[in-house]
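What follows is each chain in one-letter form.
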Amino acid sequence: MRSAQTPRPSTERTGRTTAPTGPARTVPLTGLDRVPWNDIKDSSGSAAAIPRLLQKVAAGDPEAAGAALRDLRKRICQYGFVVEQATAATVPFLWELAQRPHVSCRAQIIRLLKNIADARQWETTASVYPKLLNHRDNPVAWERAARQAVRARREALPRLLADGDSEISRATTELARTIGD
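Everything numeric in this text was worked out from a predicted model, so none of it was measured. (Residues numbered from 1 in each chain as written. Predicted model: local features only at pLDDT ≥ 70, side-chain atom pairs only at ≥ 80, totals over all residues. Heavy atoms only, no water.)

Engineer: When you look at the overall build of the protein in this model, what are you seeing that I'm missing?
Structural biologist: Within the protein, the regular secondary structure consists of eight helices and four strands. Moving toward the C terminus, one meets the helices and strands of the protein in the order β-β-α-α-β-β-α-α-α-α-α-α. Relative to its 181 residues, the protein shows a buried fraction of 42%. Taking contacts inside the protein between residues at least 6 apart in sequence as the whole, the part at least 24 apart equals 66%. (Helix = DSSP H or I, 4+ residues; strand = E, 2+ residues; numbered from the N terminus. Buried < 20%, exposed > 50% of the residue type's maximum accessible area, 1.4 Å probe, protein only. Contact = heavy atoms within 4.5 Å.)

Engineer: Help me out: how do you make sense of helix H2 (residues 62-76) in this one?
Structural biologist: Since there are 3.6 residues in each turn of an α-helix, residues three or four apart along the chain are aligned in direction. Between its first and last C-alpha atoms H2 spans 21 Å; for 15 residues at 1.5 Å apiece the expected length is 21 Å, and the two agree. For H2, the set of buried residues is Ala65, Gly66, Ala68, Leu69, Leu72, Arg75 and Ile76. (Expected span 1.5 Å × (residues − 1).)

Engineer: Just to check I follow, could you spell out the side chain of Thr87 for this structure?
Structural biologist: If you trace the backbone, Thr87 turns up in helix H3 (residues 87-98). According to the relative accessible area criterion, Thr87 is buried, its value standing at 0%. Polar contacts involving the side chain of Thr87 include one to the main-chain amide nitrogen of Glu84, which spans 2.9 Å. Apart from the residues lying within four places of it in its own chain, the contact partners of Thr87 are Ile76, Ile116 and Ala146. (Polar contact = N/O pair within 3.5 Å; in protein donor to acceptor, adjacent residues only side chain to side chain.)

Engineer: Help me out: how do you make sense of the pattern of salt bridges in this one?
Structural biologist: Here the idea is simple: oppositely charged side chains can pair when their charged atoms come close. Per the stated rule, a full pass over the model turns up seven salt bridges. Here Arg75 makes a salt bridge to Asp71, at a shortest N to O gap of 3.3 Å. Placement of the pair is Arg75 and Asp71 together in helix H2, with a separation of four residues, close to one helical turn. When its relative accessible area of 14% is taken as the criterion, Arg75 is described as buried. In this structure, Glu167 engages Arg111 in a salt bridge whose closest nitrogen and oxygen atoms are separated by 3.2 Å. Pair noted here: Glu167 is in helix H8 (residues 166-179) and Arg111 is in helix H4 (residues 106-118), with a separation of 56 residues, a long-range link. The class of Glu167 is partly exposed, set by a relative accessible area of 32%. (Salt bridge = Lys/Arg side-chain N within 4 Å of Asp/Glu carboxyl O.)

Engineer: I'm lost on unusual backbone geometry in this one. Help?
Structural biologist: A positive phi angle is found at Tyr79, which is not glycine, with a value near 60°. Checked against the element boundaries, Tyr79 lands in the loop between strand E3 (77-78) and strand E4 (82-83).

Engineer: How should the packing of aromatic side chains be read in this particular structure?
Structural biologist: To describe a pair of aromatic rings, you give the distance between the ring centres and the angle between the ring planes. Taken as a whole, this structure holds two aromatic pairs when the rule is applied. Measuring from ring centre to ring centre gives 6.1 Å for Trp37 and Phe93, while their planes differ by 50°; the resulting arrangement is tilted. Separated by 56 residues along the polypeptide, Trp37 in the segment before strand E1 (41-42) and Phe93 in helix H3 bring together distant segments of the chain. Using a relative accessible area of 5% as the deciding quantity, one classes Trp37 as buried. You can call Phe93 buried: its relative accessible area is 4%. (Phe/Tyr/Trp six-rings, centres within 6.5 Å; stacked < 30°, edge-to-face > 60°.)

Engineer: Help me understand the packing of H4 against H8, please; the structure alone is not making it clear to me.
Structural biologist: Between two packed helices, what matters for the description is the angle formed by their axes and the separation of those axes. Contact pair H4 / H8: the axes reach a minimum separation of 9 Å and the direction vectors enclose 10°. Relative to H8, the element H4 is oriented roughly parallel. For the pair formed by H4 and H8, the contact residues are Arg106, Ala107, Ile110, Arg111, Leu113, Lys114, Ala117 and Asp118 on the first element and Glu167, Ile168, Ala171, Thr172, Glu174, Leu175, Thr178 and Ile179 on the second. Split into classes, the residues belonging to the contact of H4 with H8 amount to eight nonpolar, two polar and six charged. (Axes fitted to C-alpha atoms, helices over the stretch in contact; angles between N-to-C directions. Parallel < 35°, antiparallel > 145°, perpendicular 65-115°, else oblique. Nonpolar A, V, L, I, M, F, W, Y, C, P; charged D, E, K, R; others polar.)

Engineer: Quick question: what am I supposed to make of the confidence of the model for the protein here?
Structural biologist: In low-pLDDT regions, the fine details of the predicted coordinates are not to be read closely. Taken as a whole, the protein shows an average pLDDT of 84; of its residues, 82% reach a score of 70 or greater. Predicted confidence for residues 1-24 stays below pLDDT 50, and this span has two contacts to residues more than four positions away or in other chains. (pLDDT = per-residue confidence, 0-100.)

Set out below in structure tokens:
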């Protein structure tokens, strides 16, 4: 007795161009693997976890992205005003994520960029305690580099301001005011 053949999936193209119904396919963040994350520090120590957190934000799942962004915020801009060594290296990826339509927490990312651009904790401390500037790990330099990294990508502001989402437009307006655009 012969059993019925099991149908095999077709490898032939059908010509249909239907959009996928599952989660959005994540495009890798440009240059993420070129940053020496293991050699720089965030608030928890090694910044090695930052690429994983950025990829979770990029993946599009609102719950996972929100949790990853909250963790990322603690690591690179604690309390909304204390930046770390890894902050400047992370900023270009935040700008990239803020411009991706499928990213669920874009307004929060823009607010994080605003917090980074506003950060002056280390400079304020150094004005009272100048020896901080002589510290081997110069947090004042980290803060300045982080603010510069935010300003360096400001050409994205017009696109974000034109976004149809009012929360994104509002957050972008606040960021533009902070960086003087």
